[in-house]
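For reference, the chains in residue letters:
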Amino acid sequence: MTYSKPKRIITPDNYLKYYYDIPYEGTTSAGKPLRKLKNITCPYRGIKIVPSEALKKFEKGLAETTTAGDAMRLLATYYENMLPTEKDMFAIFSDFSLLNPNDNLRNCLEMIKGNALTRLKLEEFEVLDDVDYLSRKLSPQTALKLRAKTTKCRQIIITNSKHDIFKRKIFLASLEEIIPKENEREIFNSIKNKALFLPTSESSKNAFIVKYSKRSQTEIVRRLFIASTGSIEHVVPASLGGLNTIGNFLYTSASGNRYRENMPLVEYIGRFPQIPIYMQRYIDDIIREIHNGNLQGNETYPYKIKRKLAETSEGRIMISLSKYNYSEEEAAEAVKEFEARWDKYKS
């Protein structure tokens, strides 16, 4: 008897994990109150996050989508929520669908893959060049080990062998094999953070085109949608000891979460200098929701996240709570009252 592989069922709980390999709400339920909020600005990218409740409507529309024209009509609903790379792809697909409404988006990507692959290689080389430049600050022994890694990557990128494909995550993992000297740790960490800027489908339309040219139209359309859907992000990554508590959580777009990975917040701000401005908009949205009664029992969240952000950003993010109606003492009292009501309800 043969067994077929069970079909994956996509739900709001596994959606981002399946497509982005990131936790959707941490390993506890502490992030659920944030997930329920609407009209929230992504603190990393500045777009309005698509709430999880939109998933069912989207999936229903996607099930009825067969052509490029159908796909663009479905995605148009979410265009204002899209991030730059997704908007670039939307523009490319829009032009294609106008001329080929009954075709599919995969054929569009196949047509432009060649030029995109060339440009992607140049993007990758630019980052590797930056890594090599920083290696000059290392000892000759450590620098040589690092150059061996980047040289191998260049060789793989230049060749088009199907058996030896450049994988960003493999290169990042290979850097962990190098043990720098004690006085080199700081610069080596800077080098690893620089390597995180190797292009991905979140940051580069060329990477998107190459990656998704082998995927079905359904996967392509889902990918454009889910980049802007909500995800729970650890301010201090769990891998670095960050707690699974709401005071260490941000509600971000999935792409903003995925692209940061374990990058220190200071480095991420260097990549996206507007983050402090976006953080203020995010907190203002959170305050609005608390005032509307949509985050009961978490009235202290703005104070907790303000301190966490100031600490982890080394003072680069100093948000204002001037719009908040609760003092820190009043917020703590509101939490106590909510917990007392909840305990009474459960008993």
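Before reading on, note that the structure itself is shown above.
As a starting point, this report considers the structure included with it. This is a predicted model, so every value here is computed, not measured. (Residues numbered from 1 in each chain as written. Predicted model: local features only at pLDDT ≥ 70, side-chain atom pairs only at ≥ 80, totals over all residues. Heavy atoms only, no water.)

**Points about the side chain of E86**
Counting through the fold element by element, E86 comes out in helix α5 (residues 84-99). For E86, the contacting residues outside a window of four places in its chain are S201, R223, L224 and A227. (Helix = DSSP H or I, 4+ residues; strand = E, 2+ residues; numbered from the N terminus. Contact = heavy atoms within 4.5 Å.)

**Quick look at the pairing of strand β2 (residues 249-253)**
Burial within β2 is extensive, with 5 of its 5 residues counted as buried. Looking at chain direction, strand β1 (residues 230-234) and β2 are connected through 5 bridges and run antiparallel. Within the sheet, the bridge partner assigned to E233 lies in β2 and is L250. (Buried < 20%, exposed > 50% of the residue type's maximum accessible area, 1.4 Å probe, protein only. Pairing = 2+ DSSP bridges.)

**Section: the layout of surface pockets**
Over the atoms rolls a probe the size of a water molecule, and its path tells where empty space is left. Of the volumes computed, that of the second largest pocket is approximately 220 Å³. Looking at the second largest pocket, it is lined by 18 residues, and the ones nearest its centre are P264, L265, V266, T312 and E314. Listing elements by their share of the lining of the second largest pocket, those giving two or more residues are α9 (185-195), α13 (265-271) and α15 (301-312). Ranked by residues supplied to the lining of the second largest pocket, first place goes to α9 with 4 residues. (1 Å grid on protein atoms, 1.4 Å probe; cavity = no way out; pocket = protein on both sides within 12 Å on 5 of 7 lines; lining within 4 Å. Points joined across faces, edges and corners; volume = space filled by probe spheres on them.)

**What about the packing of aromatic side chains?**
Scanning all chains against the criterion turns up 11 aromatic pairs. Taken together, a centroid distance of 3.8 Å and an interplanar angle of 5 degrees make the contact between F58 and F225 stacked. Of this pair, F58 sits in helix α3 (residues 54-63) while F225 sits in helix α11 (residues 217-226), and the two are 167 residues apart along the sequence. Classification of F225 as buried rests on a relative accessible area of 3%. Taken together, a centroid distance of 5.3 Å and an interplanar angle of 85 degrees make the contact between Y268 and F272 edge-to-face. Here F272 falls in the buried class, since its relative accessible area comes to 17%. A connected cluster of aromatic rings, assembled from ring pairs, spans Y44, Y259, Y268 and F272. Looking at R215, its charged tip hangs above the ring of Y212, at a distance of 5.1 Å from the centre. When the ring centre of F197 is taken as reference, the NZ or CZ atom of R271 above it lies at 4.9 Å. (Phe/Tyr/Trp six-rings, centres within 6.5 Å; stacked < 30°, edge-to-face > 60°. Lys NZ or Arg CZ within 6 Å of the ring centre and 35° of its normal.)

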